[in-house]
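A look at the structure
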Amino acid sequence: VLEGQRPSLTARYRMAPGDEAYDLFPIRNSLEVTFMLRPGGLRLIFTVRNEDDASTLPFGLAIHPYFPVIGARADVRLQVPAKAHMEAIDLLPTGRLEPLDGSPYDLRSPRSLEGLDIDDVYWGLSADAPQTIFYDAIGKKLTLTASDLFTHSVVFTPAGQPFFCIENQSCSTDAHNLYAKGLQTAAHLTILEPGAVHTSWVDLALADQ
């Protein structure tokens, strides 16, 4: 499909009575994800529709890309300009936001993958401060810019593996439970009114350093 002379592909998923997922989450809704090629990168456009007549729709969005380690781990640097790290127990955030100053999780300045082995949630991201992967071995950088809905990120850097993840998220992991506990700021769960539509996006752009 061509949209504005740019190739794109749209996937759609709907939850309605009769669907197995609807039995577990009985709110009529749909999700469209459009993958659009752009010069030097890819844009993901998310459209969420609350198709229910009576119920609000609580939801969150996330991407889960795996990126290769190119060269040595010391040749790959990550920059995550978050405002806080989320405390977690058994990988589930507690809702407590921890300061980054002096923390081993501080990625606000570019930091090498060497010796970095984390699987953690970051809070307080914004569209004007994107996340960046620096591939020093090839002189390239990959920038992940997202609309302001995407306030969270999961950073996964398993030691000894040829990959790592930076995952833009619109909410915390376990957001529904955190929200129910009154931790709305940390959870950042989106509540969509009946009949409402929300659109947001994530850009991945490759360029020279």
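This text follows the structure it describes.
An account of the accompanying structure is given in this report. (Residues numbered from 1 in each chain as written. Predicted model: local features only at pLDDT ≥ 70, side-chain atom pairs only at ≥ 80, totals over all residues. Heavy atoms only, no water.)

**Quick look at the pattern of salt bridges**
- For the structure shown, the criterion picks out 11 salt bridges.
- Measuring nitrogen to oxygen at the nearest pair gives 3.3 Å for the salt bridge that ties R49 to E32. With R49 in strand β4 (residues 41-50) and E32 in strand β3 (residues 29-38), this residue pair connects regions lying 17 residues apart in the sequence.
- A salt bridge links R77 to D136; the nearest nitrogen and oxygen atoms lie 2.8 Å apart. One end of the pair, R77, is in strand β7 (residues 76-79); the other, D136, is in the loop between β12 (131-135) and β13 (140-146), and 59 residues separate them in sequence. (Salt bridge = Lys/Arg side-chain N within 4 Å of Asp/Glu carboxyl O. Helix = DSSP H or I, 4+ residues; strand = E, 2+ residues; numbered from the N terminus.)

**Comments concerning the sheet that holds strand β15 (residues 163-169)**
- Spatial ordering of the open sheet is given by β6-β15-β14-β11-β8-β9, a layout of 6 strands whose pairing is antiparallel. At either margin of the open sheet sits one strand with a lone partner, and together these are β6 (67-68) and β9 (92-98).
- Relative to strand β11 (residues 119-123), strand β8 (residues 84-89) is paired through 2 bridges, and the arrangement is antiparallel. By the bridge assignment for β11, H85 is matched with Y122. (Pairing = 2+ DSSP bridges.)

**What to know about the environment of S55**
- Along the chain, S55 falls in the loop between β4 and β5 (57-59).
- Overall, the relative accessible area of 28% leaves S55 in the partly exposed class.
- The sequence separation of S55 and L192 amounts to 137 residues, and the corresponding C-alpha distance is 9.0 Å. (Buried < 20%, exposed > 50% of the residue type's maximum accessible area, 1.4 Å probe, protein only.)

**Notes on the pairing of strand β14 (residues 152-156)**
- In terms of burial, β14 is largely enclosed, as 4 of its 5 residues are buried.
- With antiparallel pairing between neighbouring strands as the criterion, β14 and β15 make up a hairpin whose turn holds 6 residues, including G160 at a positive phi of roughly 80 degrees.

**Quick look at the nonpolar core**
- Membership of the largest hydrophobic core comes to 35 residues, with the highest contact counts inside it found for F46, F67, V76, L78, Y122, I133 and F164.
- Of all the secondary structure elements, the ones that give two or more residues to this core are β4, β5, β7, β12, β13, β15 and β17 (197-208).
- Ignoring any residue separated from it by four or fewer positions in sequence, one finds Y122 in contact with V80, A82, A84, H85, L100, Y105, L107, T151, H152, S153 and V155.
- Counting 11 residues, the second-largest nonpolar core is a separate cluster that includes M86, V154, L178 and L189. (Core = buried A, V, L, I, M, F, W, Y, C linked by side-chain atoms within 4.5 Å. Contact = heavy atoms within 4.5 Å.)

**Notes on the layout of surface pockets**
- Taken as a whole, the largest pocket encloses approximately 230 Å³ of empty space.
- Every element with two or more residues in the lining of the largest pocket is listed here: β2 (6-15), β3 and β5.
- Split into classes, the residues belonging to the lining of the largest pocket amount to 9 nonpolar, 4 polar and no charged.
- When its volume is computed, the second largest pocket comes out at roughly 160 Å³.
- Lining of the second largest pocket is provided by M86, E87, A88, L91, P93, D119, D120, V121, V154 and T173.
- Elements with a minimum of two residues in the lining of the second largest pocket: β8 and β11.
- For the lining of the second largest pocket, the residue count by class is 6 nonpolar, 1 polar and 3 charged. (1 Å grid on protein atoms, 1.4 Å probe; cavity = no way out; pocket = protein on both sides within 12 Å on 5 of 7 lines; lining within 4 Å. Points joined across faces, edges and corners; volume = space filled by probe spheres on them. Nonpolar A, V, L, I, M, F, W, Y, C, P; charged D, E, K, R; others polar.)

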